[in-house]
Structures are given as C-alpha cells and as structure tokens.
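Architecture and fold: a report
Spelled out, the chains give:
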Amino acid sequence: MSNESDRGGSMVTDRRRLLMGLAGGAAAAAALAPAAAAQRPQGQVAEAPHSDKASERQPFHGSTQSGVVTPRPAAGMVVAFDTLAESPAEVERLLRTLTERFRFLMAGGPVPDLDPKLPPADSGILGPVISPDNLTITLSLGDSFFEGRPWLRALKPRCLQRMARFPNDALDPSLCHGDLSIQICANTPDTTIHALRDIIKVLPDLLVIRWKQEGTVPILPPSRDGQQESARNFLGFRDGSANPDSRDARLMDTVVWVGADGEEPAWARAGTYQAVRVIRNFVERWDRTPLAEQEVIVGRQKPSGAPLGHAGTEADVPDYGRDPQGAVTPLDAHIRLANPRRPGTQSNLILRRPFNYSNGVTRNGQLDQGLLFIAYQADLDQGFIAVQRRLDGEPLEEYIKPVGGGYFFTLPGVRDEEDFLGRSLLQAASDLKA
Ligand SMILES: C=CC1=C(C)c2cc3[nH]c(cc4nc(cc5[nH]c(cc1n2)c(C)c5CCC(=O)O)C(CCC(=O)O)=C4C)c(C)c3C=C
Ligand SMILES: [Fe+2]
C-alpha cells in the first residue's frame with residue numbers, strides 16, 4: 001500500500017474515532033437524560049443521515065484506472081470538458097494536476113487550514129475531513145483531444161473517433177463529444193459533486209465544462225439467499241444480468257483492456273475505450289405498455305430478470321439455438337440482438353456500467369428520465385458500435401431516444417507516486433519528436 005493510502009487510512013481511523021466518540025457522548029447524554037431521549041427518539045428533522053460506508057476506498061495506483069471494473073456504487077457522473085491546453089507543457093500541467101487531485105480525493109484526508117483572507121482551499125461541502133466514500137475518478141480522452149493537437153495526431157488510439165449519429169438518435173450538440181471525459185463515481189452524490197468542484201477549481205484556465213450527466217443506481221435490500229442481484233433501470237428491468245464478470249481478470253484482459261498486440265500504439269496498453277450515451281426513456285409510454293409486451297421487447301421477465309421461457313433467475317443463460325424462429329425470445333428482442341450468443345459475436349462483448357438519470361421535467365410536462373449508458377471495451381468498433389448497429393431498428397426504440405454522449409479513450413493507470421495520467425502518451429509524443 002502506498003504512503004498516500006496509509007496517510008488516508010489513519011485519517012479515516014481518526015475520523016471514525018471522532019465519530020465513535022461523538023456517538024459515545026450522545027449515548028451517555030441519553031442515559032443521563034432518559035426523558036429527553038424518549039421525547040426525541042428519531043432525532044431532529046434536520047439531523048444529517050449517516051453512512052457506515054464513508055471510509056470505503058478504491059485504489060488510485062495500478063496498471064489500469066479504477067472505475068472501470070470496480071463494482072458500481074450508488075452515484076455516478078460523467079463530465080465532458082474541452083481544454084485550452086495546447087502545448088506539450090500545458091498538457092503535462094493539465095494531466096499532472098488532475099493526477100494529483102484524483103490521488104488526494106480518492107484517498108481522502110483533511111483539507112488544508114483556512115486563511116480567512118483567501119478563498120477556502122476546499123468547497124467545504126464534505127466538512128473539514130474528506131472521506132473517500134468509495135470514490136473513483138476516471139480520465140479519458142476524446143477524438144478532438146488528439147485531432148486538435150497536431151503533435152498528438154499520430155498517437156491517437158486506433159478506434160478512437162467522433163461519435164456519429166445512429167438512426168434513432170436525436171443528438172443535442174450541447175450534450176455530445178468533448179476533449180476529455182471524467183467519470184466520477186462514489187457511494188453518495190455529495191462526494192461526486194465535491195470531487196467535480198475540486199477539479200474545476202484547480203484548473204480554471206485549462207478546463208471548460210462541455211456537458212455533464214449525473215445518475216444513480218438503486219440500493220437493494222440485502223438479498224435473502226446471498227445470490228448476486230442486478231439493480232433495476234428506469235424501465236423497471238434488471239440491468240446487468242448478462243454483463244461479463246468484471247472480477248474475472250483474464251476475461252477483462254480480453255473484453256476491456258487494450259493489450260500489447262501491436263494494433264494499438266504501445267502507450268495505450270492497459271487503457272480502454274469508453275462509450276457514453278445519454279438515452280432518454282419515455283417512461284410514461286412504457287408504464288402504459290402491457291407487461292407481456294415489455295418482456296417480449298426486452299427478452300427477459302420483469303420480476304426475476306430470467307430470460308423468457310426460464311423459471312429460474314437472471315443468471316440463467318438463454319439457449320437461442322433451441323429457439324431458431326424466435327418463438328420464445330423474439331429475434332428482435334433487445335437481449336437477443338445485443339448478444340445473439342453465436343461464436344462470431346463473442347468478439348462484440350462489452351462491459352456495461354450504466355446509471356439511471358432523472359433530470360426533472362421536459363417542456364411538455366414529461367419526466368426527463370433515462371439511462372446514462374457507459375460501456376468499456378478493448379475495441380470500440382467490435383464492441384459498442386457493432387452492438388448498437390445490431391440494435392438499430394429494435395422495438396425498444398419506440399421507448400428510448402439517445403440525446404447525447406461521446407467516445408473516449410480511458411488512459412492507462414498511474415503506477416506510483418512518481419507517475420501521472422497520460423505519462424506514456426506524452427513520452428511517446430516526445431520520442432516521436434526526437
Ligand atoms: C449498444 C449497446 C447497448 C445499449 C445502447 C443499450 C441500451 C439499453 N439497454 C437497456 C436495458 C437492458 N439491456 C439489457 C441487456 C443488454 N444490453 C446490451 C447493450 C446495450 N443496451 C447488452 C450487450 C446486453 C446484454 C445482452 C446479453 O448478453 O444477453 C437488459 C437485460 C439485462 C442485462 O443483461 O443487463 C436490459 C433490461 C435499456 C433500457 C437501454 C436504453 C435506455
Ligand atoms: Fe441494453
């Protein structure tokens with residue numbers, strides 16, 4: 001474990017002691033004044049909710065970035081930025097500063113002392129000691145980052161491209177693309193918002209937000225039989241049932257991480273392609289659609305998530321070979337098109353990491369809800385783009401409308417205290433120039 005993590009660990013322990021001390025004090029006070037305690041058994045209306053997960057921490061250092069195969073926590077956000085960093089020196093300052101902030105925020109710890117004559121060093125929204133709260137911050141670069149900087153053009157990852165429109169898309173240009181994306185995930189939205197505010201504050205001259213989408217994953221009650229369960233999306237279906245197992249490192253090496261096979265620039269090894277899509281769900285229309293029709297459109301049963309025709313669980317594997325005409329699972333069901341489970345479509349596997357979003361109400365009084373779809377893959381053409389092409393024209397399109405997103409390349413990880421995000425890219429650019 002790194003020094004940084006050790007330091008963060010003792011901070012969290014200190015904080016926990018402090019919290020336990022406060023809890024102990026509260027218990028003692030209640031014992032001394034039982035009548036008062038009995039009057040307010042629920043606490044005050046404005047009392048803060050507490051979480052026992054604030055000290056959970058994800059590693060920042062590693063060969064790959066956190067936030068890709070990391071279990072998905074309850075709060076997520078994608079923020080796309082444009083950057084004014086043009087020269088190698090400016091890009092290096094951008095990447096080094098981001099690295100330093102990500103490292104600190106993911107470890108947690110006390111914010112620096114306040115000088116009343118200066119703006120506070122921290123927004124203060126998490127208090128004087130920042131809990132890691134399972135935070136991951138993941139940096140990815142867009143097509144325009146490379147195309148807009150002639151000295152980087154030759155080093156662009158092989159599949160990186162500007163996201164093109166698919167037939168059912170109604171893309172809002174103000175919700176698309178970006179020089180870079182930052183995915184921020186944590187147990188609570190306060191932690192993701194705090195991280196974003198920190199990042200914006202330290203780089204006002206280099207970063208401009210282009211678009212942002214926040215999302216959530218519903219927290220399930222503990223499962224009764226210890227079985228893994230997928231959370232539900234805003235269509236009410238379990239989402240994630242057939243995702244490749246992110247704990248299987250060998251599988252992830254095939255599906256997610258760019259390897260050393262020579263097709264990609266060497267600096268990109270241990271990176272991955274990130275496809276982001278902001279997909280609106282027409283939930284009012286969906287909620288008026290008969291259950292049987294919903295299930296046929298998706299290809300799974302709504303309560304259990306089991307494939308159609310299966311009495312078991314969402315983990316059951318559909319056997320399309322025994323249903324060639326689509327009598328059980330229609331040929332155009334979402335899951336059958338997304339993954340026809342033929343030998344030739346194995347190379348199209350992707351790792352999905354979506355969040356549900358709820359943005360308020362549209363001008364014509366409809367709920368603006370949907371899916372912040374995020375997928376990672378080692379090959380963008382074979383992964384997201386091939387799957388989306390198969391889905392084009394699917395019956396589910398009557399209920400969904402992609403409005404934004406972009407394609408990005410998630411940088412390899414930061415190995416240690418000396419390393420920084422994008423170091424291998426900048427080194428390759430410098431080698432190219434020499
Ligand atoms: C291009 C990739 C995909 C997009 C875009 C997409 C959008 C989307 N999906 C759902 C709901 C579900 N999707 C499910 C499975 C599933 N979806 C994709 C791909 C995209 N989905 C894949 C590869 C799979 C897995 C198929 C399989 O291997 O069997 C499911 C079923 C449960 C699960 O496996 O996760 C649901 C439900 C929505 C609502 C949506 C857009 C808003
Ligand atoms: Fe899907």
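Residues numbered from 1 in each chain as written. Chains lettered and ligands numbered in written order. Predicted model: local features only at pLDDT ≥ 70, side-chain atom pairs only at ≥ 80, totals over all residues.

As recorded by an unreviewed UniProt entry, the protein carries the name Deferrochelatase and is attributed to Aureimonas flava.

Here we come to helix H3 (residues 88-107). The terminal C-alpha atoms of H3 lie 28 Å apart, and with 20 residues this matches the ideal 28 Å at 1.5 Å per residue to within 8%. Listed as buried for H3 are Val 91, Leu 94, Leu 95, Leu 98, Thr 99, Phe 102, Arg 103, Leu 105, Met 106 and Ala 107. Where H3 ends, the next residue or the one after it, Gly 108, has phi of about 80°, a positive value. (Helix = DSSP H or I, 4+ residues; strand = E, 2+ residues; numbered from the N terminus. Expected span 1.5 Å × (residues − 1). Buried ≥ 20, exposed ≤ 12 C-beta atoms within 10 Å, placed from the backbone.)

Moving on to helix H10 (residues 381-391). Along H10, the positions that sit buried rather than exposed are Gly 383, Phe 384, Ile 385, Val 387 and Gln 388. The buried residues of H10 occupy an angular sector of 155° when the element is viewed end-on, so they sit on one face. Just past H10, the residue Gly 393 takes up positive phi, approximately 90°. (Arc of directions from axis to C-beta.)

Let us now look at the pairing of strand E4 (residues 136-142). Most of E4 sits out of view: seven of its seven residues are buried. Burial along E4 is two-sided: Thr 136, Thr 138, Ser 140 and Gly 142 and Ile 137, Leu 139 and Leu 141, pointing in opposite directions, are all buried. Pairing analysis gives six bridges linking E4 to strand E5 (residues 180-186), with the strands arranged antiparallel. Residue pairing in the sheet places Ser 140 in a bridge with Ser 181 of E5. Sheet analysis places E4 next to strand E11 (residues 400-410), joined by three bridges and oriented antiparallel. Paired with Gly 142 across the two strands is Phe 408, which belongs to E11. (Pairing = 2+ DSSP bridges.)

Okay, the site of ligand 1 next. With respect to spatial proximity, 25 residues lie near ligand 1, and among them Phe 237, Ser 241, Ala 242, Ala 338 and Asn 339 are the closest. Put simply, the parts of the chain that give the shell around ligand 1 at least two residues each are strand E7 (272-281), helix H9 (334-338), strand E10 (367-377) and H10. Among the elements that line the shell around ligand 1, the one with the most residues is H10, at four residues. The residue inventory of the shell around ligand 1, partitioned by class, reads 14 nonpolar, seven polar and four charged. (Near = placed C-beta within 6 Å. Nonpolar A, V, L, I, M, F, W, Y, C, P; charged D, E, K, R; others polar.)

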